[in-house]
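Report on the structure
These are the residues of each chain, in order.
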Amino acid sequence: MNITKATVCYFTGRGTTKQYAKAFAEALPFEATLHELRFDNPVKDTFGPDELLVVAGPVYAGYLPTFMWEQLDSVQGSKTPAALLAVYGARDYDNSLLEMDQVFTKKGFSIVGAAAVVARHSIATTIAPERPTEDDLGEMRHFAHTIAERLDTMNTIDDAPIFTFKGTVEEGVRKGGAPLTNDACDECGICVDQCPAGAIPEDNPETTNAEICVGCLRCVEVCPQSARSLPEEAIAKATARLQKLADSAKPNEFF
Ligand SMILES: Cc1cc2nc3c(=O)[nH]c(=O)nc-3n(C[C@H](O)[C@H](O)[C@H](O)COP(=O)(O)O)c2cc1C
């Protein structure tokens, strides 16, 4: 198949999904545009058969965040190849690839590859703290080459491989809790600009609209004053639970 360009759509809170998405995009042998999914950055609606859509998202409670699906709602393919990247915090990617497979297939895309890759846990940051490592990003670049070669060897989209992803897909809202702000906040406004959901009001940046907040923790990541955080007990509870369930050395999986 002659693919001329790719759009790599990603949603990221603390930046690890962006790292993987960027590594993939930069390694593709054709033009690739990185597109951050934000409330104020709509994706184009229709994708043709000669382009590749790549979707990268963090795993929240075993699925992609609901916010991502809202941003991708109007996207439609027409026998368009799609590659799926699920980034997770060393516990499990659970149902996320299956969910993406089902939704994008229904939208007119054909899945040509998928990856479940490990990153620092954005709530319990002592889990897989160094990931993605340079090796992880190297694996992602290699995977981009594999996808490009796979597309090259396919005559038509009907030659796409058939995948079986684990899990079950159930309805639900997937989001995290809204962070709190402490007295160190000097109202610089960086979190207001950076929040992908538009949940922090410009005229009152010490607050967060918990209805809109995705719980992605971008504000925690970017605050120069370290004024934003989840409640300490929530972090301690998550860390204690994940220390038993997560494996920081978990290998990445490529399909
Ligand atoms: C609300 C929430 C739920 C999460 N659920 C899971 C999960 O089910 N399994 C897992 O391994 N990691 C989970 N994580 C961790 C993220 O998937 C992981 O840290 C990812 O790298 C975050 O991507 P980002 O840095 O692009 O925001 C969760 C994180 C958040 C904030």
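Residues numbered from 1 in each chain as written. Predicted model: local features only at pLDDT ≥ 70, side-chain atom pairs only at ≥ 80, totals over all residues.

To continue, consider the overall build of the chain. Across its full length, the chain carries seven helices and ten strands. The globule rule puts the C-alpha radius of gyration for 255 residues at 18 Å, and the 18 Å found for the chain is close to it. A principal-axis box enclosing the C-alpha atoms of the chain has dimensions of 60 × 40 × 35 Å. The buried share among the 255 residues of the chain stands at 45%. Considering only residue pairs separated by 6 or more positions, the chain has 80% of its internal contacts joining residues 24 or more positions apart. (Helix = DSSP H or I, 4+ residues; strand = E, 2+ residues; numbered from the N terminus. Rg over C-alpha atoms; globule rule 2.2 N^0.38 Å. Buried ≥ 20, exposed ≤ 12 C-beta atoms within 10 Å, placed from the backbone. Contact = placed C-beta atoms within 7 Å.)

Buried within helix 3 (residues 96–106) are the following residues: Ser-96, Leu-97, Leu-98, Glu-99, Met-100, Asp-101 and Phe-104. Following helix 3 by one or two positions, Gly-108 adopts a phi angle in the positive range, close to 100°.

So, on to the site of the ligand. The immediate surroundings of the ligand are formed by 27 residues, with Gly-13, Thr-17, Pro-58, Gly-89 and Gly-176 found nearest. Every element with two or more residues in the shell around the ligand is listed here: helix 1 (16–27) and strand 6 (80–88). Split into classes, the residues belonging to the shell around the ligand amount to eleven nonpolar, eleven polar and five charged. Here the shell around the ligand spans two domains, since at least three of its residues come from each of domain 1 (5–170 + 250–254) and domain 2 (180–229). (Near = placed C-beta within 6 Å. Nonpolar A, V, L, I, M, F, W, Y, C, P; charged D, E, K, R; others polar. Domains from an automatic or database assignment.)

All right, on to the sheet that holds strand 1 (residues 5–10) then. Across the sheet, which stays open at both edges, the six strands sit in the order 2-1-4-6-7-10 with mixed pairing between neighbours. Because the sheet does not close on itself, it has two edges, and the strands there are strand 2 (31–36) and strand 10 (253–254). Judged from the six bridges that link them, strand 1 and strand 2 form a sheet pairing that is parallel. Following the sheet pairing, Cys-9 is matched in strand 2 by His-35. Where helix 3 meets the sheet, it contacts strand 4 (51–58), strand 6 and strand 7 (109–118), and its direction lies at approximately 160° from that of strand 7. Along the sheet, helix 4 (residues 134–153) contacts strand 6, strand 7 and strand 10; its crossing angle with strand 7, the most-contacted strand, is approximately 165°. (Pairing = 2+ DSSP bridges. Axes fitted to C-alpha atoms, helices over the stretch in contact; angles between N-to-C directions.)

Each assigned domain of the chain is listed here: domain 1 (5–170 + 250–254) and domain 2 (180–229). On the side of domain 2, eight residues touch domain 1, which itself brings ten residues to the contact. In terms of residue class, the side of domain 1 that touches domain 2 is built from four nonpolar, three polar and three charged.

Time to look at helix 4. Along its 20 residues, helix 4 runs 29 Å from first to last C-alpha, staying within 8% of the 28 Å computed at 1.5 Å per residue. What helix 4 keeps buried is the set Asp-136, Met-140, Phe-143, Ala-144, Ile-147 and Leu-151. Buried residues of helix 4 fall within an arc of 105° about the axis and therefore sit on the same side. Summarising the geometry of helix 4, the exposed residues directed more than 90 degrees from the buried face are Glu-134, Asp-135, His-142, Glu-149, Asp-152 and Thr-153. Those residues of helix 4 that are buried lie in contact with helix 1, strand 6, strand 7 and strand 10. (Expected span 1.5 Å × (residues − 1). Arc of directions from axis to C-beta.)

Moving on, we come to unusual backbone geometry. Cis geometry is adopted by the peptide bond preceding Pro-132, which originates at Arg-131 and carries an omega value of 5°. Here Pro-132 shows up in the loop between strand 7 and helix 4. Positioned with a positive phi, Ala-61 is a non-glycine residue whose angle comes to about 50°. If you trace the backbone, Ala-61 turns up in the loop between strand 4 and helix 2 (66–71). With 14 C-beta atoms counted inside 10 Å, the residue Ala-61 sits in the partly exposed group.

To describe two helices that pack against each other, one gives the angle between their axes and the distance between the axes. Put simply, helix 1 and helix 4 touch, their axes get as near as 8 Å, and they point 40° apart. When the interaxial angle is binned, helix 1 and helix 4 end up oblique. Relative to helix 4, helix 1 is oriented so that their crossing is right-handed. Every residue of helix 4 that contacts helix 1 at Gln-19, Tyr-20, Ala-23, Phe-24 and Ala-27 is listed here: Leu-137, Met-140, Arg-141, Phe-143, Ala-144 and His-145. (Parallel < 35°, antiparallel > 145°, perpendicular 65-115°, else oblique. Left-handed = near helix turned anticlockwise from the far one by under 90°.)

Moving on to the nonpolar core. Core analysis: the biggest nonpolar cluster contains 76 residues, and Val-8, Phe-24, Val-54, Leu-84 and Leu-85 have the highest contact counts within it. At eight residues, the largest contribution of residues to this core is made by strand 7. There are two domains that each give this core at least three residues, and those are domain 1 (5–170 + 250–254) and domain 2 (180–229). (Core = buried A, V, L, I, M, F, W, Y, C linked by C-beta atoms within 7 Å.)

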